[in-house]
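Inside the fold
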Amino acid sequence: DPFPALPQFCQPSGWQLFPERNPPTFFVAVLTDINSERHYCACFTFWEAVESPQPQSHPRNGEGEEEEEEPSSPVQPAQLFAPKSLVLVSRLDHAEVFRNSLGLIYTIYVDGLSVSLENVIGNLLTCTIPITGGAQ
């Protein structure tokens, strides 16, 4: 693993659950390896709904104490949001291409399109770039 601290890099304040969905974020940073080679690390983070393992309780009297729930009103689990990061590491500095590529992957994921993420990522990774001055 060339970048063992990559998870901490993506979420510097830790992987925490949030009570509300935050807007997606994108940033690019330059990581320098032990050989002084630059790696451009693009990180696109979004928040995905997860169910809390703790049911959400509602106080019923004025003192904030909880009373037993009535059988007709089931307890709803609290909804929380967990960060999920898409990361692209490259030796090339093309921030706009990184943003567009990660944004495309994110859009396919949230829209639930019939194309699998594996196919999209495979197509992005195997695109052929023509050689400068080569056959048109």
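Residues numbered from 1 in each chain as written. Predicted model: local features only at pLDDT ≥ 70, side-chain atom pairs only at ≥ 80, totals over all residues. Heavy atoms only, no water.

Per an unreviewed UniProt entry, the protein goes by MTMR5 protein and derives from Sakesphorus luctuosus.

On a plain count of helices and strands, the protein comes out with 3 helices and 3 strands. Tracing the protein from N to C terminus, the helices and strands come up as α-β-β-β-α-α. Looking at the 136 residues of the protein, the share that counts as buried comes to 23%. Element-wise, carbon and sulfur atoms account for 55% of the exposed surface of the protein, whose accessible area totals about 10100 Å². (Helix = DSSP H or I, 4+ residues; strand = E, 2+ residues; numbered from the N terminus. Buried < 20%, exposed > 50% of the residue type's maximum accessible area, 1.4 Å probe, protein only. Areas by Shrake-Rupley, 256 points an atom, 1.4 Å probe, with all protein chains shown as cover.)

What follows deals with unusual backbone geometry. Phi angles above zero are rare outside glycine, and Ser36 is one such case at about 65 degrees. With respect to the secondary-structure elements, Ser36 resides in the loop between strand 1 (25–32) and strand 2 (38–55). Under the relative-accessibility criterion, Ser36 is labelled exposed at 60%.

Tallying each qualifying case throughout the model produces 2 salt bridges. With its nearest N and O atoms 2.6 Å apart, the salt bridge here joins Arg91 to Glu37. On the criterion of sequence distance, the pair formed by Arg91 in the loop between strand 3 (77–90) and helix 2 (95–111) and Glu37 in the loop between strand 1 and strand 2 is long-range, its members being 54 residues apart. Judged by its relative accessible area of 55%, Arg91 falls in the exposed class. Here Glu48 ties to Lys84 by a salt bridge, and the two come within 3.2 Å at their closest N and O atoms. (Salt bridge = Lys/Arg side-chain N within 4 Å of Asp/Glu carboxyl O.)

On to the nonpolar core, then. Within the largest apolar cluster, 11 residues are counted, these being Phe26, Tyr40, Ala42, Phe44, Phe46, Leu86, Phe98, Leu102, Ile105, Ile108 and Val120. Setting aside anything within four residues of it in sequence, one finds Leu86 in contact with Ala42, Cys43, Phe44, Phe46, Leu102, Ile105 and Tyr106. Counting 5 residues, the second largest nonpolar core, distinct from the first, contains Leu6, Leu31, Cys41 and Cys43. (Core = buried A, V, L, I, M, F, W, Y, C linked by side-chain atoms within 4.5 Å. Contact = heavy atoms within 4.5 Å.)

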